[in-house]
Amino acid sequence: MTTAHILGFPRIGAQRELKFALEAHWKGALDADGLHEVARQLRARHWQQQRDAGLDFVTVGDFAFYDHVHTVTALVGAAPLRFGFDGPVGLAEYFAMARGTADQPALALKKWFDTNYHYLVPEIGADTRFALNRDWLLPEVREALALGHRVKVALTGPLTWLWLAHADAGFDKLSSLSLLLNVYWALLAELKNLGIEWVQLDEPILALDLPEPWVRALETAYRELSAAGPRLLLATYFGSVAEHAARLKSLPIAGLHLDLVRAPAQLDAFLDGWPDERVLSAGVIDGRNIWRTDLAATLGRLHGAHRALGERLWLAASCSLLHVPHDLSQETRLDPRIRRWIAFAQQKLEELALLKRALDEGESAVWRALHDAAIALEERRSAPSTCIEPVRAHMRTLTAAQERRASPFPQRRAAQQTRLQLPLLPTTTIGSFPQTPEIRAARAAFKAGRIDQAAYDAAMRAEIRHAIAQQEALGLDVLVHGEAERNDMVEYFGEQLAGFAVTEHGWVQSYGSRCVKPPLIHGDVFRPAPMTVEWTRYAQSLTAKPVKGMLTGPLTMLMWSFVRDDLPRRDVALQLALALRDEVLDLETAGIAVIQIDEPALREGLPLQKADWPDYLGWAVRAFRIAASGVRDDTQIHTHMCYSEFADILPAIADLDADVITIETARSHMKLLDAFAEFRYPNDIGPGLYDIHSPRVPAQAEMQRLLDRALAVFPGERLWVNPDCGLKTRNWPEVAAALRTMVAVAHATRTQL
Ligand code: GLN
Ligand code: ZN
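From a predicted model like this one, the values you see are computed outputs, not experimental measurements.

**Section: the pairing of strand β22 (residues 660–663)**
No. 1: Alternating residues of β22 divide into Val 660 and Thr 662 and Ile 661 and Ile 663, and every residue in both groups is buried.
No. 2: Here four bridges tie strand β21 (residues 636–641) to β22, and the two strands are oriented parallel to one another. Residue pairing across strands places His 640 opposite Thr 662, the latter belonging to β22.
No. 3: Of the strand pairs in this sheet, β22 and strand β23 (residues 684–687) are connected by four bridges, and their pairing is parallel. When the bridges of β23 are listed, Val 660 appears paired with Asp 684.
No. 4: Crossover β22 to β23 through helix α25 (residues 671–679) is right-handed.

Written out as C-alpha cells, the structure is:
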C-alpha cells in the first residue's frame, strides 16, 4: 500500500481560532490554560481531518503558538541569554521572546524562504546553552497517541534551524552543531520510547545555494541522528536538491521527501539507484498554491516511481500546507465556476487520498472523482476569462518606448520642480493614515448591507477631508488621501480588477497571530474601470498642495496573491502592469501631479538560488517600468519599499527609474542609505525618519540625528523627509505628534542648507 501523509497542516484554525485566542491571551482576557485548551482542540480537529481523509499518518509538531522555528528554539533550550530567564522556557517566556519585553526587543522576524510566512530568528553565540526542554512537542505527541492516531512527528531539522539563526559577530554557527545534535539525539530517543516510528526533519536549506561546509555538516549530522532510534524522513522543499543526489543516496536516513511541484525533474535523479528499503516521499500536491491538482497527469508521472518503489513510494503535498487556507467549503460567496478550480488544505488532503487509492486499487476504483477533476480542469482551461484576446494583443504590441520615461531623470526633475514648486527637503507620508474604528465600522456596515453605497462614500469622504485638514495643519508638502477606503493594499485592487477573485475566509498565517487573505488571480487581468481616481480627485479638490495618487505595484500584487499556474508569472506581472499603467494615466489626466507605486514586495520575489535572480529582476523591473512610464515629464513617480536589505539589488532598484523612492531606514539608523550613496543612486530618495511599527513618538533630536546622518552621505537637494512606512496601524494622536516633529526637523534643516 502507498503511504499518504502531509508535511504539515495550517495551525491557525478555519475560523482563525488560534489568532483570536492568542490575542485574547496577550490582552489578559484568556489565561494560559484557556489558550492551551484552544490549541489542543485545534490540533485534535486537524489530526482528525487527516485521519478522516484517509492519510496514513497524522503529522504532529507542525502546531506552534507563534512559529515553528521558535518552537524548536524553545525545545532545544536555546533562549538568548539577553532575556535573562532563570528557568526553562514556558509559554510566558516563549511569548516574551516573540513579542519583546519592557527592556528587551523581540527576536527578529524574517521571511521563511520565498514564502509570505515569517519565522522568529534564533540568536546564537559562544555562550548559547542547549538542553532538551520536555515541555515542548512531547506533550503534543502524547496527546496524539492518546487519541489513537498513528503519529509521524515533524519538526525543523538542526541544520536549517542553525542556518536561520543569527550569530554573534565572529561566531561560527557550525561550531554549535554538535551541542545541538546532542539535544536532537535526546529528543529522538524520547520519541522512540514513546513508540514513534517516523520523524520528519525539515531541511529546506538544501534547496538554497548551500556552502560546501554546510552540506558536509548535514551529512555528518544525519549519519549521527539516524542511529538515534526513529526512522528519519529528511524533508526538502521549495526547490530541487538534485545536485545533492549522490550524497543523499549515501545517507543512512530512512526516507527523503522531494518537492515535485517546484522541481518535478529531480525525481529521475533520485529514482536512479535509490537504495533498497528507503522511502521516497513524492510531494506532488502544491502546498504553496490553491489550484486543484491535475490528478491524471500526476498519476501519469507517478506510475514509473510506483513500479520502481512499490510501497516505498509515499505521497505528500510539496511542502507544509501552512501556506494555503484551511477549507474551501467555507467560501459560499465565491463564483461557483471558480470554486471548482480550487483546493484549500482540506481539499488537498482529499486529493492525496485519491491519488493513493488510484495507485493502490487502480484508477477505475476512483474513476468518478478523477473524471470530476478532469472536467473541472478542462473547464478552467477553456474558461473565456483565462485568455482575453485584447489583453494578449496588448502584451504582444508593447514597444520598447513604452518601457521608458520620455526623458532622462534630470530633465524630468526640472519639469516637476517647475510644476510642483516644492521646498528643499519636501515632507510627505507613505500613504495610509490610521484605520480608525469608525472606518472599520463603516466598512463592516456597508459589507453587511446596513448602510448603502452613498452613505459609505460619504463616510469615506469625511475621512479624506479629515486627513487633508490634518496634513495642511501639520504643514506637510505633498499630501495623501489616507487610504481610508482600502481594507488591504492588494485586496482593494483585487476586488476591482478583472481576473481576480477574493475569498471570505482564505486566511493564511503571516506571523504570530497575523494572517493575510491573498486574492486569487485566476484569469487574464485587466481594469474594467478606474479604481482610485475619484477618491484622489476628491482629495485634490480640497487643497492647493499636491496630493499623491497611491497605487500598489504589479510585483506586490503578484507576490501577495495566489497566482494562476497556467501562465508564466512574468506574463501575469505584465498584465498587472498594463492595468496599472491605465490607472496611472487616468490619475495624470485627473490633474494628479505625483503618483506613488508601492513595491514593498519586489524583493521577496527573488528566487532562492542566485543564478535565477537576473531573470526575475529583468521581468520584475520591466513590469514596474511599464506601469510607471506612460506619464509626462512633469508628473512625478514615487515608489516605496519597506525592507532593509537593498544592497544586492540596488542596480535593479535604480533601473525602476522612479523619480523618488521612499524607504524604511529608521530602524537601521540610516545605515541603509550608505549603500545607496556608495552605489551613487541617481534619483531622489526619502529615507524614513521614524519607525511606524511602534507607538513611540521619537524626540526631535532623534529624527534630527537621522536626517543629519542622511545629509552626510546624500546631497540635501535630493532628499525627501517622510516616515518609514504607512500609518494605518497607528492612532491619530501618535501620528500627529510624530509628523509635527518630523516637519519641524525638515523646517529647521532647510534653513541651514
Ligand atoms: N501606501 C501603503 C501604506 O501607506 C504602503 C504600505 C506598505 O509599504 N506596506 O499603507
Ligand atoms: Zn512600507
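**A short note on the UniProt feature "binding site: Zn(2+)" (unreviewed entry) in the chain**
No. 1: Taking the numbering used here, the UniProt-annotated feature "binding site: Zn(2+)" (unreviewed entry) corresponds to His 640, Cys 642, Glu 664 and Cys 725. The greatest C-alpha distance among the annotated residues, which extend across 86 residues, is 8.6 Å, indicating that they converge on a single site.
No. 2: As for its placement among the helices and strands, His 640 is situated in strand β21.
No. 3: By the C-beta count within 10 Å, which is 26 here, His 640 ends up buried.
No. 4: Every residue in contact with His 640, bar those within four places of it in the chain, is listed here: Ile 430, Gln 596, Asp 598, Pro 600 and Thr 662.
No. 5: Of note, Glu 664 is situated in the loop between β22 and α25.

**Regarding the environment of Ala 459**
No. 1: Counting through the fold element by element, Ala 459 comes out in helix α18 (residues 453–474).
No. 2: With 19 C-beta atoms packed within 10 Å, Ala 459 lands in the partly exposed category.
No. 3: Residues Ala 459 and Pro 390, spaced 69 residues apart in sequence, show a C-alpha to C-alpha distance of 37 Å.

**Some remarks on the pairing of β21**
No. 1: β21 sits mainly inside the fold: six of its six residues count as buried.
No. 2: Of the two faces of β21, the one lined by Gln 636, His 638 and His 640 and the one lined by Ile 637, Thr 639 and Met 641 are each fully buried.
No. 3: Note on the crossover from strand β20 (residues 594–598) through helix α23 (residues 613–628) to β21: the handedness is right-handed.

**A word on the sheet that holds strand β19 (residues 562–563)**
Hydrogen bonds between backbone atoms are what pair the strands of a sheet, whose relative direction is either parallel or antiparallel.
No. 1: Taking strand neighbours across the sheet as the criterion, the three strands line up as β14-β17-β19 in an open arrangement whose pairing is mixed. Of all strands in the sheet, those with a lone pairing partner are β14 (498–501) and β19, marking the two edges.
No. 2: Inspection of the sheet shows β14 paired to strand β17 (residues 520–526) by three bridges, in the antiparallel sense. Bridged to Phe 500 within β17 is Ile 521.
No. 3: Along the sheet face, helix α22 (residues 569–589) touches β17 and β19 and points at about 55 degrees away from the line of β17.

**With respect to the sheet that holds strand β9 (residues 231–235)**
No. 1: Pairing is parallel in the open sheet, where eight strands are placed in the order β1-β12-β11-β10-β9-β8-β6-β2. On the outer flanks of this sheet lie β1 (3–4) and β2 (58–60), each paired with one strand and no other.
No. 2: The sheet contact formed by β2 and strand β6 (residues 151–156) spans three bridges and is parallel. Bridge pairing in β6 links Val 58 to Val 151.
No. 3: Against the sheet, helix α11 (residues 295–309) engages β11 (279–285) and β12 (313–317), with an angle of about 175 degrees to β11.
No. 4: Packing against the sheet, helix α13 (residues 345–361) makes contact with β1, β11 and β12, and its axis sits at approximately 160 degrees to β12.

**Some words on the packing of α22 against α23**
No. 1: Direction vectors running N to C along α22 and α23 enclose 20 degrees, while the axes themselves pass 7 Å from each other. Classified by the interaxial angle, the pair formed by α22 and α23 is roughly parallel. The handedness of the crossing between α22 and α23 comes out as right-handed. Residue-level contacts link Arg 570, Ala 573, Leu 574, Leu 576, Ala 577, Leu 578, Leu 580, Arg 581 and Val 584 of α22 to Trp 619, Ala 620, Ala 623, Ile 626, Ala 627 and Ala 628 of α23.
No. 2: Looking at the contact of α22 with α23 residue by residue, the class counts come to 13 nonpolar, no polar and two charged.

**Here's the deal with the nonpolar core**
No. 1: Leu 280, Ala 282, Leu 576 and Ala 623 are the most contacted members of the largest nonpolar core, which totals 224 residues.
No. 2: Ranked by residue count, the leading element in this core is α22, at ten residues.
No. 3: If we skip the residues at most four places from it in the chain, Leu 280 touches Gly 255, Leu 256, Leu 258, Phe 270, Trp 274, Ala 305, Leu 309, Arg 312, Leu 313 and Trp 314.

**A word on the UniProt feature "binding site: Zn(2+) 1" (unreviewed entry) in the chain**
No. 1: Under the present numbering, the feature "binding site: Zn(2+) 1" (unreviewed entry) in UniProt falls on His 640, Cys 642, Asp 655, Glu 664 and Cys 725.
No. 2: For Cys 642, the position within the fold is in the loop between β21 and α24 (650–655).
No. 3: For Cys 642, a count of 21 C-beta atoms within 10 Å gives the class buried.
No. 4: With near-sequence residues (within four places) excluded, Cys 642 lies in contact with Pro 600, Glu 664, Asp 724 and Cys 725.

What counts, and where the lines are drawn
Counting of residues starts from 1 at the beginning of each chain's written sequence and follows it residue by residue. Each chain takes a letter, starting from A, and each ligand takes a number, starting from 1, following the order in which they are written. Predicted model: local features are reported for residues with pLDDT of at least 70 only, side-chain atom pairs are reported and counted for 80 or more only, and whole-chain, interface and lining totals are derived from all residues. Counts of 20 or more other C-beta atoms within 10 Å of a residue's own C-beta define buried residues, counts of 12 or fewer define exposed ones, and intermediate counts define partly exposed ones; C-beta atoms are placed from the backbone. The secondary structure listing takes helices from DSSP runs of H or I that are at least 4 residues long and strands from runs of E that are at least 2 residues long, numbered from the N terminus. Strand pairing is assigned whenever DSSP detects at least two bridges linking the two strands. A right-handed crossover is one whose linking path, passing over the helix from the first strand to the second, runs clockwise when the strands point away from the viewer. UniProt positions are given in the numbering used here, feature names are shortened, and annotations may be inferred rather than shown by experiment. Any pair of residues counts as being in contact when their C-beta atoms, constructed from backbone geometry, are within 7 Å of one another. Only the stretch in contact is used when a helix axis is fitted, and all axes are lines through C-alpha atoms; the angle between N-to-C directions ranges over 0 to 180 degrees. What sets the label is the angle itself: under 35 degrees gives roughly parallel, over 145 gives roughly antiparallel, 65 to 115 gives roughly perpendicular, and the rest give oblique. Working rule for handedness: look at the near helix, and if it is turned counterclockwise from the far one by less than a right angle, call the crossing left-handed; if clockwise, right-handed. Nonpolar residues are Ala, Val, Leu, Ile, Met, Phe, Trp, Tyr, Cys and Pro. Charged residues are Asp, Glu, Lys and Arg, and all others, Gly as well, are polar. Here, a nonpolar core denotes buried Ala, Val, Leu, Ile, Met, Phe, Trp, Tyr and Cys residues that are linked to one another through C-beta atoms within 7 Å.

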